[in-house]
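# What the coordinates show
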Amino acid sequence: MTKTISRRTILKSGAAIAAVAATEVITAPAVLAAKTIKIGFVTPQTGQIAIFAEPDKFVLDQVMKATGGQLKIDGRNFPFEIIVKDSQSSSNRASTVAQDLINSDQVNLITATSTPETTNPVASQAELSEVPCLTNDTPWQPHFFGRGGDPKKGFNWTYHFFWGLEDIIAVYQSIWSKGKTNGVVAALWPNDADGNAWGDPKIGFPGPAEKAGQKIIDTGRFDVMSDNFSAQIAAFKAANAEIVTGVIPPPTFITFWNQAAQQGFKPKIVTVGKALEFPQAIAAMGDRGAGLAVEVWWSPKHPFNSGLTKQTSAELAAEYEKTTGRPWTMPLAFKHSLFEVAINALQTAKDPFNAAAVRDALKATSYNSVVGNIDFSKGPVPNIAKTPLVGGQWSKAGNGFELNIVENSLFKDIPVAKELVLLG
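Attention in this report is confined to the structure presented alongside it. (Residues numbered from 1 in each chain as written. Predicted model: local features only at pLDDT ≥ 70, side-chain atom pairs only at ≥ 80, totals over all residues. Heavy atoms only, no water.)

### A short note on the pattern of salt bridges
In this structure the tally under the stated criterion is 14 salt bridges. The closest approach of N and O atoms between Asp 56 and Lys 335, which form a salt bridge, is 2.5 Å. You can see Asp 56 sitting in helix 2 (residues 56-67) and its partner Lys 335 sitting in helix 13 (residues 331-348), a full 279 residues away along the chain. Residue classification places Asp 56 among the buried residues on the basis of a relative accessible area of 2%. Lys 335 sits in the buried class, given a relative accessible area of 1%. Between Glu 402 and Lys 418 there is a salt bridge, with its nearest N and O atoms 3.8 Å apart. Taken together, the residues span a long stretch of sequence, with Glu 402 in strand 18 (residues 400-407) and Lys 418 in the segment after strand 18 at a distance of 16 residues. Judged by relative accessible area, which is 39%, Lys 418 ranks as partly exposed. (Salt bridge = Lys/Arg side-chain N within 4 Å of Asp/Glu carboxyl O. Helix = DSSP H or I, 4+ residues; strand = E, 2+ residues; numbered from the N terminus. Buried < 20%, exposed > 50% of the residue type's maximum accessible area, 1.4 Å probe, protein only.)

Listed below in structure tokens is the structure:
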């Protein structure tokens, strides 16, 4: 199903983004006979990681409002559209819709976000088809090495910005050091791109943990949709693990956390990626959400402005909360910055309809976005730009929860708001 929505309709009605397998085309009225620029966007609007896509509609509406649905390039105004495809939280589906965007819709630039399950297959299809591609919200190692990237060569068509495993390891270890524990760490690393990278002896947690004198209890890879953690919990209890870490979706963690309580497993510190990044997931756990800790990729306290809307981080978060009635969430700024950088590349390309020109514009990017400066010339490997990372802990605030910065060793520009509080 294809649905075409004009900018006027979007602004008047706030029409919702199509879900499930639908395709939506966000467009503006035609400007003379100018050719339309097409941006493809693959996002998990349904399925296990749909929580990452919650800000999609707000961001897409905001982009069209800020630009008027036109891009000014070399003195001419070009209409542009954003063609949205739902990956359904499936790598196979992400690959299929990426092919559709490239072959059927003939997009000039394809974008994707939200974990390796989405970004990797989209980038792989773009690389194969020689179409410029921009992605974020996946640690750079699972994205780069997970696609067979060679640090000496890099890729030709695909560019990605986010933090790396070296950053989250440093942030988590710093959080762990702030409370008195025995250093025994229970690991929840599933059999997916993230879990395999986080548990990898060379690029993941095991090496740094051993160097720091910590003991990792890794019971092996498991299905990310697992609903029974009795074996893992028994092993963690037997080892007297006082720290829990991992990278699993919110529903999977909630299952684990409920079973941990039922089986009497009471760690002192919990730092789990994906699962604990979202206020909705924390709220779903009730009182047991308080005290859980996580990496923080962006917050209203981050000292960055949008190059597209000129908003500060605090202003972007406030507008989102006012418009949607929901609390700010980390993917908000990365969705926003994805289109900031994409639009900048199209505008600075000598010819936005020439794939090589857009690719070269991406490669030359040095852009100040709402998540920081994006500069692909700095590495750490070709095609990658890094963004800052700090650590936070959830605490009760009124009828809900708030995420407070408790660790800033890698990015001192964001002050620590509170000291870490041990669970229990």
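Structure's up, so let's keep going.
### So, empty space enclosed by the protein
Scanning the entire structure with this criterion turns up one cavity of 30 Å³ or more. Put simply, the largest cavity is a space of about 90 Å³. Taken together, 16 residues line the largest cavity, and the ones lying closest to its centre are Asp 137, Pro 139, Asp 194, Lys 274 and Glu 277. Going through the elements one at a time, helix 7 (193-198) and strand 12 (269-274) are the ones with two or more residues in the lining of the largest cavity. Per-class residue counts for the lining of the largest cavity are eight nonpolar, three polar and five charged. (1 Å grid on protein atoms, 1.4 Å probe; cavity = no way out; pocket = protein on both sides within 12 Å on 5 of 7 lines; lining within 4 Å. Points joined across faces, edges and corners; volume = space filled by probe spheres on them. Nonpolar A, V, L, I, M, F, W, Y, C, P; charged D, E, K, R; others polar.)

### Description of the nonpolar core
A general feature of soluble globular proteins is that nonpolar side chains tend to end up buried together. Judged by nonpolar contacts, the single largest core of 107 residues is most densely connected at Ile 82, Phe 253, Phe 256, Leu 276 and Trp 298. When residues of this core are assigned to their parent elements, the largest contribution, ten residues, is made by helix 13. With near-sequence residues (within four places) excluded, Phe 256 lies in contact with Leu 188, Phe 229, Ile 233, Phe 236, Val 244 and Phe 265. (Core = buried A, V, L, I, M, F, W, Y, C linked by side-chain atoms within 4.5 Å. Contact = heavy atoms within 4.5 Å.)

### What to know about helix 14 (residues 355-363)
The set of residues buried in helix 14 consists of Ala 357, Val 358, Ala 361 and Leu 362. Mapping the buried residues of helix 14 onto a view down its axis gives an arc of 140°, with all of them on the same face. In this structure, the buried side of helix 14 is in contact with strand 6 (109-113), strand 7 (133-136), strand 8 (158-161) and helix 13. (Arc of directions from axis to C-beta.)

### What to know about the packing of aromatic side chains
How two aromatic rings sit relative to each other is given by the distance of their centres and the angle of their planes. This model, assessed by the stated rule, comprises 26 aromatic pairs. Consider the rings of Phe 58 and Tyr 320, whose centres lie 5.1 Å apart with planes at 90°: the pair is edge-to-face. Residue Phe 58 is found in helix 2, and its partner Tyr 320 is found in helix 12 (residues 313-324); the two are separated by 262 residues along the sequence. Since its relative accessible area comes to 0%, Tyr 320 is described here as buried. Between Trp 176 and Phe 205, the ring centres sit 6.2 Å apart and the planes meet at 35°, which makes this aromatic pair tilted. With Trp 176 in helix 6 (residues 165-177) and Phe 205 in the loop between helix 7 and helix 8 (206-211), the pair connects residues that are 29 residues apart, well separated along the chain. Just as Trp 176 is buried, Phe 205 falls in that class too. Three or more aromatic residues link up through ring pairs in this structure, and these residues are Phe 161, Phe 162, Trp 163, Trp 297 and Phe 334. If you follow Arg 147 out to its NZ or CZ, it ends over the ring of Phe 155, 3.9 Å from the centre. (Phe/Tyr/Trp six-rings, centres within 6.5 Å; stacked < 30°, edge-to-face > 60°. Lys NZ or Arg CZ within 6 Å of the ring centre and 35° of its normal.)

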